[in-house]
Amino acid sequence: ERAGDYRILHEAALRDYLAGILGLAATLGSEPASWSITEVGDGNLNLVFIVKGASGGVAVKQALPYVRLVGESWPLPLSRAHYEYLALSKQAELASGLVPALLHHNEALALTVMELLEPHIIMRKGLVAGTQYPRFASDITTFMAGTLFLTSDLALSAAEKKKAIAAFAGNHALCKITEDLIFTDPYRIAEQNRWTAPYLDALAASLRDDMDLHVAVSRLKLKFMASPEALIHGDLHTGSIMVTESQTRVIDPEFAFYGPMGFDVGAVLANLLMAYFASSGHERSPGERHAFEGWVLETVETVWNEFARKFLDLWRAGATGDAYPAALFAGEKGAARLEAERHAYMQRLFADTVGFAAAKTIRRIFGLAHNIDFELIEDPRRRAACEARAVRLARAMMVEAGAFPAIADVTGAARRLR
Ligand code: ADP
Ligand code: MG
Ligand code: MG
Ligand code: MG
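Owing to the predicted nature of the structure, the values given are computational and were not obtained by experimental measurement. (Residues numbered from 1 in each chain as written. Chains lettered and ligands numbered in written order. Predicted model: local features only at pLDDT ≥ 70, side-chain atom pairs only at ≥ 80, totals over all residues.)

So, about the site of ligand 1. Neighbouring residues of ligand 1: 20 residues in total, closest Gly43, Val48, Ala59, Leu117 and Asp252. Listing elements by their share of the shell around ligand 1, those giving two or more residues are strand E2 (46-52), strand E3 (57-63) and strand E7 (111-115). Each residue belonging to the shell around ligand 1 can be placed in one class, and the counts come to 10 nonpolar, 5 polar and 5 charged. (Near = placed C-beta within 6 Å. Helix = DSSP H or I, 4+ residues; strand = E, 2+ residues; numbered from the N terminus. Nonpolar A, V, L, I, M, F, W, Y, C, P; charged D, E, K, R; others polar.)

Here it is in structure tokens:
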């Protein structure tokens, strides 16, 4: 199909389209007329259909030429489907088994057919219900260490790296959404902002007046814009992770580009911390979710520690990139100095991670896109109390970065605020 051939494929048109794709008809089995087709998209941007036949199912994602959450008044390029496909292909290669298998992609239709994840659910929903996921920390750290290290200058030649940056550079409209909605709008008066009023009115006003915070978030914004460290997922919250108790799959990398690694790691930590702060809002009797909350904070620590361990292991074993040339670190003295530098690198990455986690938290409480962790707390006074605790920690993480030299300082502060 050519560019120009784009049309939105709703049920009947989608059925005809899929019936014409050889492998897919075989996967689904039975007559196309008998396939069930259900739109399940709960995201902010795109259409997602689940299609099931007698022998199997698939998920079909199609980009719309606008932001679904807002409508046609906010156009958004269809090319994001291209970048999502490119990122999913790369992630499948670098973190195999941790993303849905790709079955078909049509560039002109901005449409991708992928493995149906079943009985997986969106992790955020499970966290709201108080479910623990024992595989999660191990899987997500394998995903992040693999995708981030192996697309960085530590693993790639300078030429490979710059080609890879170029392949994603056209995804700038999606980056701009992040730049505006995460790093700018929550700190100013913006039409799309909302918060739990009136309880958080004063806190919202204080963020708009807090120049230390404005400097800190602007530094993070600059880092996001000007640091093509690695291929990042770009939207790695718990609504982009589907889980069972024994499996983890990362979906929805349409925001992927070469950016700062801490943005992905910070997204995971922020969303766990928000699940923690929201948890008391979901309890029906005091202390009911104590074990769950302990698991969440333990997972925050494990995610950072295991990510750092796996990243360092990859570095020690496979530093095939042009950064840190081996010729400069020869002999015992060189090896010792390089090992110390690896730890200093992780310390800088940790500081970025803490800052980005804070930015990801504040935008969910004062910006356009909120999350069900807090939104499903019906009593607004109770919701606001949970949100305010998350914001207090986030503000400290952004402005008093020196107070959080290690992950235990983050979880310790979270525990004291509960
Ligand atoms: P958006 O970019 O609009 O946020 P997502 O890729 O996050 O779209 O998908 C929206 C929803 O569709 C997900 O929250 C999930 O419920 C469902 N979904 C997406 N991909 C799959 C899949 N491969 N298998 C099953 N359900 C899926
Ligand atoms: Mg999504
Ligand atoms: Mg989304
Ligand atoms: Mg998306």
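Moving on from the model shown.
Any region with low pLDDT has predicted coordinates that should not be read closely. On average, residues of the protein chain carry a pLDDT of 96, and 99% of them reach 70 or more. Scored as a whole, the predicted complex attains pTM 0.98, and scored at its interfaces, ipTM 0.97. (pLDDT = per-residue confidence, 0-100.)

To continue, consider the nonpolar core. A general tendency of soluble globular proteins is for nonpolar side chains to be buried together. Core analysis: the largest hydrophobic core is formed by 115 residues, its most contacted members being Leu269, Leu273, Val300, Ala359, Ala390 and Met397. Ranked by residues supplied to this core, first place goes to helix H10 (residues 261-279) with 14 residues. In this structure, this core is formed jointly by two domains, domain 1 (11-115) and domain 2 (121-417), each of which donates at least three residues. Excluding residues within four positions of it along the chain, Val300 makes contact with Leu269, Leu272, Leu273, Ile407, Val410 and Thr411. (Core = buried A, V, L, I, M, F, W, Y, C linked by C-beta atoms within 7 Å. Buried ≥ 20, exposed ≤ 12 C-beta atoms within 10 Å, placed from the backbone. Domains from an automatic or database assignment. Contact = placed C-beta atoms within 7 Å.)

Let's shift gears to the UniProt feature "domain: Aminoglycoside phosphotransferase" (unreviewed entry) in the protein chain. When the UniProt feature table is mapped to this numbering, "domain: Aminoglycoside phosphotransferase" (unreviewed entry) covers residues 37-271. Across residues 37-271 one finds 39% helix and 20% strand; the C-alpha atoms that close the span lie 31 Å apart. (UniProt positions renumbered as here; feature names shortened; annotations may be inferred.)

This part covers the packing of H10 against helix H11 (residues 290-318). The axes of two packed helices give the description: the angle between them and the distance between them. Between H10 and H11, whose axes approach to 9 Å, the crossing angle comes to 170°. Regarding the angle of H10 to H11, the classification is roughly antiparallel. Between H10, through Val265, Val268, Leu269, Leu272, Leu273, Ala275, Tyr276 and Ser279, and H11, the contact on the second element is made entirely by Phe292, Glu293, Val296, Leu297, Thr299, Val300, Val303, Trp304 and Phe307. In the contact of H10 with H11, the residues fall into 14 nonpolar, 2 polar and 1 charged. (Axes fitted to C-alpha atoms, helices over the stretch in contact; angles between N-to-C directions. Parallel < 35°, antiparallel > 145°, perpendicular 65-115°, else oblique.)

Between Glu118 and Pro119 the backbone carries a cis peptide bond, its omega angle lying at 5°. Pro198 follows Ala197 through a cis peptide bond whose omega is 0°. For Pro198, the location among the structural elements is in the loop between helix H7 (172-181) and helix H8 (201-208). Phi is positive for Ala110, which is not a glycine, with a value near 55°. Mapped onto the fold, Ala110 is located in the loop between strand E6 (102-106) and E7.

Bringing the sheet that holds strand E8 (residues 121-122) into the picture now. Read across the open sheet, the 3 strands follow the order E8-E10-E11; overall the sheet is antiparallel. Of all strands in the sheet, those with a lone pairing partner are E8 and strand E11 (248-250), marking the two edges. Note: E8 against strand E10 (residues 241-243), 2 bridges, orientation antiparallel. The partner of Ile121 across the bridge, within E10, is Val243. (Pairing = 2+ DSSP bridges.)

By the secondary structure assignment, Tyr345 is in helix H12 (residues 331-366). Linking Tyr345 and Phe277, residues 68 residues apart in sequence, is a C-alpha distance of 30 Å.

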